[in-house]
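Below, each chain spelled out in residue letters.
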Amino acid sequence: MTPRGASVYRWDVSIMAASISGYTFSSVCYHSANSNSDHEGFLLGEVRHEETVSISDTQISSSELLQVVEVHNHEPCAQLFSFYDYAGQVNEESLNRILKDRRKNVIGWYRFRRNTQQQMSFREQIIHKQLTQLLGVPDLVFLLFSFISTANNSTHALEYVLFRPNRRYNQRVTLSIPNLGNTSQQEYKVSSVPNTSLNYAKVIKEHGAEFFDKDGVMKDIRTIFQVYGALQDKVQSVCGEVEQSERVKEKVQEEVNKLKQQIVLRKRKTTDEERRLQEAQNPEPRLTPEENTEPPETSLLSRVAFHTPSTPERPGPSANPPAYADLLSLQNDSLLPFSSSPTSAALLPRPQAVGSPGHPSPSPLGLGLSAGPNPAAGQEDDEEDDDDDSSEYENLVSEVGQLPPVSASVLLQGRPAALSPDGDASVRGSQT
Amino acid sequence: MAVSAVHLESDAFLVCMNHALSTEKEEVMGLCIGEVDTNRIVHIHSVIILRRSDKRKDRVEISPEQLSSAATESYRLADMTGRPMRVVGWYHSHPHITVWPSHVDVRTQAMYQMMDQGFVGLIFSCFIEDKNTKTGRVLYTCFQSVQAQKGSEYERIEIPIHVVPHEAIGKVCLESAVELPRILCQEEQDTYRKIHSLTHLDPITKIHNGSVFTKNLCSQMSAVSGPLLQWLEDRLEQNRQSVIELQLDKERLTQELATM
């Protein structure tokens, strides 16, 4: 870092401000919600350096370097391990394939995990170092989203922390979401300041008339309204284009899914035929039970049919992650939302990181989440069957007193940052 | 229990989040459109952004016109999906405050439940930050109201809620999302119209008020319309890329199938 002018600053005391638009933030949440495993992607945007000079009483100016990180949008990865392997080795070719010409706009990356500590995992740290080098961004940031829920799944929290891991101090940065704030409708004046001066009235009437058109409407208002109208028209028209593109994407996705199913069916048919041929040549007493000839894919089809109007539940761009519905078929066949079994109904749409630690890493608070009959989190897999038992609600009032003291507002007040890096939680949390 | 769980489609969830994050200075609200199945699960397919007709802190009211337009939206969604859709709940945001419903919220919810037992309430809490750990937080919860005994205070009961994957964004959700700038502008126009009708104001005050309107509309455009447009363009580009990749997948798979 080159010193500037007479002021001396240190690399590690610069303040950082970071922001992300509500729409980008929501979009990351949306992609994460659609993912049944951890989800990750890149943050594109801009980093600006602003030097703030303050002059104190002693006339010695001190300057602070303000680093402003603006996240403009995100580039979601379609699946995990798309640019790195199990050892955390980053593949530059894959990286370029994902980013293409957006590579130069990368200022960071993000990861969404469920039920894990707010700390970078070992693999994430390794990946981060490599990305820093490959992308040539010395202060590459890492945005970690972690998702936790109460035992009865009535309340969920999405926590997010922005790290700048390449620094020694002040590694966590506040991420702000600029918004409308106050619409300030109170700023309208409903009365004028009383004034009896005739000169005042004359001058402001004569010269103020410039602002108004013949109907007594302020010209500025018409003008700004036109700007607004044009902008809204554009929003509307791009929205129409997006809608069309969503339908096109859905359609091609369905076609791809159908093809995949056909291929699997064809393969299965071929293996069945081969096996039958073999058995015909070498007859053996049947030791194995009657094989279930219904491939999980047909039940996937029926599940797809249930989830109209639009997309299949888990399309997935490539065959690698097993479809969410397929995984569930291993657990419980009656997970269809409209099945007759009421308690299992709530199981189906709960996306949960496959292989994610059902139990959080040990910490003093665990996930100690409030309310619900069993405050110990991490027993979700077992708990789910009981979740929707109506008797829970009747117990709720009396339960409050039974909650362990630490769980009272953990969900609301958050958890303390883990003091030591986690084990590689992402190994368990990732898709295979 | 009238409701066993709520399944919120992820594209409807997206619109709720957009709406909740649009302002940290006041609570926003909307209605949920969907259906209830035979297992008493409420499926929310879409949401409608509402105007706060009364922005007082202690009140949450929905005007008859809004309810009626919500009903119209339901019919549209019903037409598109071929299934009966209706208003099944409401949502609102709690910026900077706890996700749990206030007493007013619980009472309001109880009132809606009198018309419809299956009506559910969702709350999104956002703009929360733990200064110590620099952790930001967004929470959401689902609740109904229950009266322990006749005449006693209403209390909230928790309803499990799950966000259901929905890989493409539905038409109705997209249209709801782009309604926000329109609604904000409408609110501003209504306020200004009332001010403008005051005849006793001197020109300076009128100019001041006109400038306030201009300023507020500019805020809306830079804070909402602009980012919304950018997000839409990004999404369009993402979709186009996805379609290209999917087409390649399709070709590859078709070839594979042909050789089998």
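Per chain, the residues get numbers from 1 upward, laid out in the order the sequence is written. Going through the entries in the order they are written, you letter the chains from A and number the ligands from 1. Only residues with pLDDT of at least 70 get local features here, since the model is predicted, and only at 80 or more are side-chain atom pairs given and counted; chain-wide, interface and lining totals rely on the full set of residues. With hydrogens and water excluded, all non-hydrogen atoms of the structure serve as input to the side-chain values.

As annotated in an unreviewed UniProt entry, chain B carries the name Fun14 domain containing 2 and comes from Oncorhynchus mykiss.

As recorded by an unreviewed UniProt entry, chain A carries the name Abraxas 2, BRISC complex subunit and is attributed to Oncorhynchus mykiss. UniProt positions are given in the numbering used here, feature names are shortened, and annotations may be inferred rather than shown by experiment. Regarding chain A, the relevant UniProt record gives this comment under Sequence similarities (unreviewed entry): "Belongs to the FAM175 family. Abro1 subfamily."

## Examining the overall build of chain A
Only DSSP runs of H or I reaching four residues or more are called helices, and only runs of E reaching two or more are called strands; each is numbered from the N terminus. Helix and strand content of chain A: 11 helices and eight strands. Think of it in three bands: residues with accessible area under 20% of the maximum for their type are buried, residues over 50% are exposed, and the middle band is partly exposed, with areas taken using a 1.4 Å probe on protein chains only. Going through the 432 residues of chain A one by one, you find that 51% of them count as buried. The criterion used for residue contact is that any of the two residues' heavy atoms lie within 4.5 Å. Considering only residue pairs separated by 6 or more positions, chain A has 72% of its internal contacts joining residues 24 or more positions apart. Surface accessibility of chain A: about 21700 Å² in total, with carbon and sulfur atoms responsible for 55%. Every accessible area reported is derived by Shrake-Rupley at a probe size of 1.4 Å, with residue values counting cover from the shown protein chains alone.

## With respect to the pairing of strand β8 (residues 161-164) of chain B
The two faces of a sheet get side chains in turn, since along a regular strand they alternate between them. All names here are of chain B. Here β8 shows no split at all, with Ile 161 and Val 163 on one side and His 162 and Val 164 on the other all buried. Should DSSP find at least two bridges between two strands, the strands are taken to pair. Relative to β8, strand β1 (residues 5-9) runs parallel, the two being bridged by four bridges. What sits directly across from His 7, in β8, is His 162.

## With respect to the nonpolar core
In plain words, nonpolar cores are sets of buried Ala, Val, Leu, Ile, Met, Phe, Trp, Tyr and Cys residues tied together by side-chain atoms within 4.5 Å. Of all hydrophobic cores here, the largest spans 74 residues; its most connected members are Phe 25 of chain A together with Ile 44, Phe 124 and Leu 232 of chain B. Ignoring any residue separated from it by four or fewer positions in sequence, one finds Phe 124 of chain B in contact with Leu 8, Phe 13, Cys 16, Met 17, Ala 20, Tyr 91, His 92, Ser 93, His 94, Leu 139 and Tyr 140 of chain B. Counting 23 residues, the second-largest nonpolar core is a separate cluster that includes Leu 135, Val 137, Leu 140 and Leu 144 of chain A.

## Considerations on the packing of helix α5 (residues 179-196) of chain B against helix α6 (residues 203-259) of chain B
Residues and elements named next belong to chain B. Interaxial angle, 0 to 180 degrees, is taken between N-to-C directions of lines fitted to C-alpha atoms, where a helix line uses only the stretch in contact. In the contact formed by α5 and α6, the axes pass within 10 Å of each other and the chain directions differ by 175°. Judged on the interaxial angle alone, α6 and α5 are roughly antiparallel. Only Asn 209, Gly 210, Phe 213, Asn 216, Leu 217, Gln 220, Val 224, Ser 225 and Leu 228 of α6 make contact with α5, whose side of the interface consists of Leu 180, Pro 181, Leu 184, Cys 185, Glu 188, Gln 189, Tyr 192 and Ile 195. Classification convention: Asp, Glu, Lys, Arg as charged; Ala, Val, Leu, Ile, Met, Phe, Trp, Tyr, Cys, Pro as nonpolar; all other residues, Gly among them, as polar. Its residues assigned to classes, the contact of α5 with α6 shows 10 nonpolar, six polar and one charged. If an angle is under 35 degrees, it is roughly parallel; if it is over 145, roughly antiparallel; if it lies from 65 to 115, roughly perpendicular; otherwise it is oblique.

## Observations regarding the interface of chain B and chain A
Taken together, the contact pairs 124 residues of chain B with 122 residues of chain A. Here chain B packs against chain A, burying approximately 10900 Å² in sum over the two surfaces, 63% of which is carbon and sulfur. A side-chain nitrogen of Lys or Arg and a carboxyl oxygen of Asp or Glu constitute a salt bridge if their distance falls within 4 Å. Joining chain B to chain A, the criterion identifies seven salt bridges. Among the salt bridges present, the one from Arg 240 of chain B reaches Glu 241 of chain A, with a minimum N-O distance of 3.5 Å. Here the quantity called buried area is the total loss of accessible area, with a 1.4 Å probe, experienced by two parts when brought into contact, counted for both.

## Considering the pattern of salt bridges
Evaluated as defined, the whole model comprises 33 salt bridges over all chains. Here Arg 247 of chain A makes a salt bridge to Glu 250 of chain A, at a shortest N to O gap of 2.7 Å. Taken together, the residues span about one helical turn, with Arg 247 of chain A and Glu 250 of chain A both in helix α5 (residues 219-281) at a distance of three residues. A relative accessible area of 25% places Arg 247 of chain A in the partly exposed class. You can call Glu 250 of chain A buried: its relative accessible area is 8%. The partner of Glu 175 of chain B in a salt bridge is Lys 171 of chain B, and the shortest N-O contact between them spans 4.0 Å. Residue Glu 175 of chain B and its partner Lys 171 of chain B are located together in helix α4 (residues 171-177), separated by four residues, close to a single helical turn. Since its relative accessible area comes to 25%, Glu 175 of chain B is described here as partly exposed. According to the relative accessible area criterion, Lys 171 of chain B is partly exposed, its value standing at 31%. In the salt-bridge network here, residues are joined through shared partners; they are Asp 38, Glu 40, Arg 111, Arg 113 and Glu 124 of chain A.

## Let's talk about the side chain of Gln 232 of chain A
Relative to the elements of secondary structure, Gln 232 of chain A occurs in helix α5. Given the relative accessible area of 4%, Gln 232 of chain A is considered buried. Beyond its immediate chain neighbours, meaning those up to four positions away, Gln 232 of chain A contacts Val 178, Pro 181 and Arg 182 of chain B.

## Here's the deal with helix α2 (residues 64-81) of chain B
All names here are of chain B. Multiplying 1.5 Å by the residue count of a helix minus one yields the expected span of that helix. Between its terminal C-alpha atoms α2 stretches 26 Å, which fits the 26 Å expected from 18 residues at 1.5 Å a residue. Along α2, the residues that are buried comprise Gln 66, Ala 70, Ser 74, Leu 77, Ala 78 and Thr 81. End-on view of α2: buried residues confined to an arc of 125°, all on one side of the axis. For α2, the exposed residues set more than 90 degrees away from the buried face come down to Pro 64, Glu 65, Tyr 75 and Asp 79. Where α2 is buried, its residues touch β2 (29-36), β3 (41-49), β4 (86-95) and α4. Gly 82 lies just past α2 and shows a positive phi near 75°. Directions drawn from the helix axis to the C-beta atoms are what define this arc.

## Digging into the side chain of His 39 of chain A
Residue and element names in this part refer to chain A. Residue placement: His 39 occurs in strand β2 (residues 39-55). The class for His 39 is buried, based on a relative accessible area of 6%. Pairing of N or O atoms within 3.5 Å defines a polar contact, subject to two protein rules: one partner must be a possible hydrogen donor and the other a possible acceptor, and residues neighboring in sequence count only if both atoms are side-chain atoms. Among the polar contacts made by the side chain of His 39, one reaches the side chain of Tyr 110 at a distance of 3.0 Å. If near-sequence neighbours (up to four positions away) are discounted, His 39 is found in contact with Val 28, His 31, Ser 32, Pro 76, Cys 77, Leu 80, Tyr 110, Arg 111 and Phe 112.

## Quick look at the pairing of strand β6 (residues 155-163) of chain A
Burial runs high along β6 of chain A: nine of the nine residues are buried. Because side chains alternate across β6 of chain A, one face comprises the buried residues Thr 155, Ala 157, Glu 159, Val 161 and Phe 163 of chain A, and the other comprises His 156, Leu 158, Tyr 160 and Leu 162 of chain A, equally buried. Pairing of strand β5 (residues 141-149) of chain A with β6 of chain A, which is carried by eight bridges, proceeds in the antiparallel orientation. Bridge pairing in β6 of chain A places Phe 147 of chain A opposite Leu 158 of chain A. Counting the residues between successive antiparallel strands, the hairpin from β5 of chain A to β6 of chain A contains five residues, one of them, Asn 153 of chain A, with a positive phi of roughly 60°. Across six bridges, β6 of chain A lies against strand β6 (residues 135-147) of chain B in antiparallel orientation. Bridge pairing links Leu 158 of chain A to Val 138 of chain B in β6 of chain B. As paired strands, β6 of chain A and strand β7 (residues 172-173) of chain A are joined by two bridges and run antiparallel to one another. Bridged to Phe 163 of chain A within β7 of chain A is Arg 172 of chain A.

## Some words on the environment of Ser 54 of chain A
Residue and element names in this part refer to chain A. Here Ser 54 shows up in strand β2. For Ser 54, a relative accessible area of 40% translates into the label partly exposed. Between the alpha carbons of Ser 54 and Glu 64 there is a distance of 8.1 Å; along the sequence they are 10 residues apart.

## What about unusual backbone geometry?
With a phi close to 60°, Asn 153 of chain A is a non-glycine residue in the positive phi region. Structurally, the position occupied by Asn 153 of chain A is in the loop between β5 and β6. Positive phi, normally seen in glycine, also occurs at Lys 134 of chain B, with a value near 55°. Checked against the element boundaries, Lys 134 of chain B lands in the loop between β5 (120-130) and β6. Exposure remark for Lys 134 of chain B: the relative accessible area of 30% places this residue in the partly exposed category.

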